[in-house]
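# Residue-level structural notes
Each chain, letter by letter, is given below.
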Amino acid sequence: MRKLHKIALPALLAAGLLTVPGALTSAASASTTQSASAMALTLDSGSCEAIARRFLCEVSFSGATAPVAIRWFVNGNHIPAFDNRSFVGIGCQPTFRYDIRAVISDGSGASVQFHTTPTCRSGTP
């Protein structure tokens, strides 16, 4: 058992999971401050693919400050069941056009949105 203790401590130090108090404080805090001020919430991509009687929609973003919230709207109505999901499947009625919107907001108060107006396709699912 003592042998395991001697091996575990150096391994934790090497992996960066355990540090000597104060050893990396200034470097770590400088890096964190610089990263936080340089990053901003950005919508990287968004899409809704129309398949038979359904839309498969996804959004991706970067630079968000926690906590992050994703809210989905279909034809102006908020759909709480889809909240905080980056990928959703939305049922639809063939030949009808839908207004689909995803609003992403973060802890800093920033927000971005994805918006599209696809037409539902018919066919057998």
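The preceding data block contains the structure.
I will try to describe carefully the structure that is included in this document. Owing to the predicted nature of the structure, the values given are computational and were not obtained by experimental measurement.

### Regarding the environment of Gly46
- Tracing the sequence through the fold places Gly46 in strand 1 (residues 42–51).
- Separated by 56 residues in sequence, Gly46 and Ala102 have C-alpha atoms that sit 8.8 Å apart.
- Aside from chain neighbours lying at most four places away, what touches Gly46 is Glu58, Val59 and Phe114.

### A short note on the packing of aromatic side chains
- Per the stated rule, a full pass over the model turns up one aromatic pair.
- Residues Phe55 and Tyr98 carry aromatic rings whose centres are separated by 5.6 Å and whose planes lie at 70 degrees to one another, so their mutual orientation is edge-to-face. On the criterion of sequence distance, the pair formed by Phe55 in strand 2 (residues 54–62) and Tyr98 in the loop between strand 5 (87–91) and strand 6 (100–105) is long-range, its members being 43 residues apart.
- A relative accessible area of 13% places Tyr98 in the buried class.

### A word on the sheet that holds strand 2
- One open sheet holds the three strands; their spatial order is 1-2-5, and the pairing between them is antiparallel. Lying at the two open borders of the sheet, with one neighbouring strand each, are strand 1 and strand 5. Averaged over all adjacent pairs, the angle separating strand axes in this sheet is 15 degrees, with direction ignored.
- As paired elements, strand 1 and strand 2 share nine bridges and run antiparallel to each other.

### Side note on unusual backbone geometry
- For the peptide bond that leads from Ala66 to Pro67, omega is 0 degrees, which places it in the cis range.
- By the element assignment, Pro67 lies in the loop between strand 2 and strand 3 (69–74).
- Phi is positive for Asn75, close to 50 degrees, though the residue is something other than glycine.
- Positionally, Asn75 belongs in the loop between strand 3 and strand 4 (77–78).
- Among the residues examined, Asn75 registers a relative accessible area of 43% and is labelled partly exposed.
- Residue Thr95 is not a glycine yet carries a positive backbone phi of 75 degrees.

### Description of the sheet that holds strand 3
- Judged by pairing direction, the sheet is antiparallel, and its four strands sit side by side in the order 4-3-6-7 without closing on themselves. The open sheet has two edge strands, strand 4 and strand 7 (111–116), and neither has a second partner.

### Examining the state of the cysteines
- According to the stated counting rule, one finds two disulfides in the structure shown.
- Two residues, Cys48 and Cys57, share a disulfide whose sulfurs are 2.1 Å apart. Sign of the S-S torsion, about 115 degrees for the bond between Cys48 and Cys57, identifies this disulfide as right-handed.
- Overall, the relative accessible area of 0% leaves Cys57 in the buried class.
- Across the disulfide, Cys92 is cross-linked to Cys120 (sulfur-sulfur distance 2.0 Å). Taking the sign of the torsion about the S-S bond as the criterion, the disulfide between Cys92 and Cys120, at about 70 degrees, is right-handed. One end of the pair, Cys92, is in the loop between strand 5 and strand 6; the other, Cys120, is in the segment after strand 7, with 28 residues separating them in the sequence. Cys120 matches Cys92 in its accessibility class, with the two residues each being buried.

Calculation criteria
All residue numbers here refer to positions counted from 1 along the written sequence of the relevant chain. Only residues with pLDDT of at least 70 get local features here, since the model is predicted, and only at 80 or more are side-chain atom pairs given and counted; chain-wide, interface and lining totals rely on the full set of residues. The side-chain figures draw on all heavy atoms in the structure; neither hydrogens nor water molecules are used. Helix and strand definitions here come from DSSP, where helices need a minimum of 4 consecutive H or I residues and strands a minimum of 2 consecutive E residues; each element is numbered from the N-terminal end. It only takes one pair of heavy atoms within 4.5 Å for two residues to be counted as in contact. Two rings belonging to Phe, Tyr or Trp (six-membered ring only in the last case) form a pair when the distance between their centres is within 6.5 Å. Interplanar angles under 30 degrees mark stacking, angles over 60 mark edge-to-face geometry, and anything in between is tilted. The classification of residues rests on relative accessible area computed with a 1.4 Å probe and restricted to protein chains. Under 20% of the type maximum is buried, over 50% is exposed, and intermediate values are partly exposed. Following DSSP output, two strands are said to pair if at least two bridges run between them. Angles here are taken between N-to-C directions and fall from 0 to 180 degrees, while the axes themselves are lines fitted to C-alpha atoms, restricted in helices to the stretch in contact. When the sulfur atoms of two cysteines come within 2.5 Å, that pair is taken as a disulfide.

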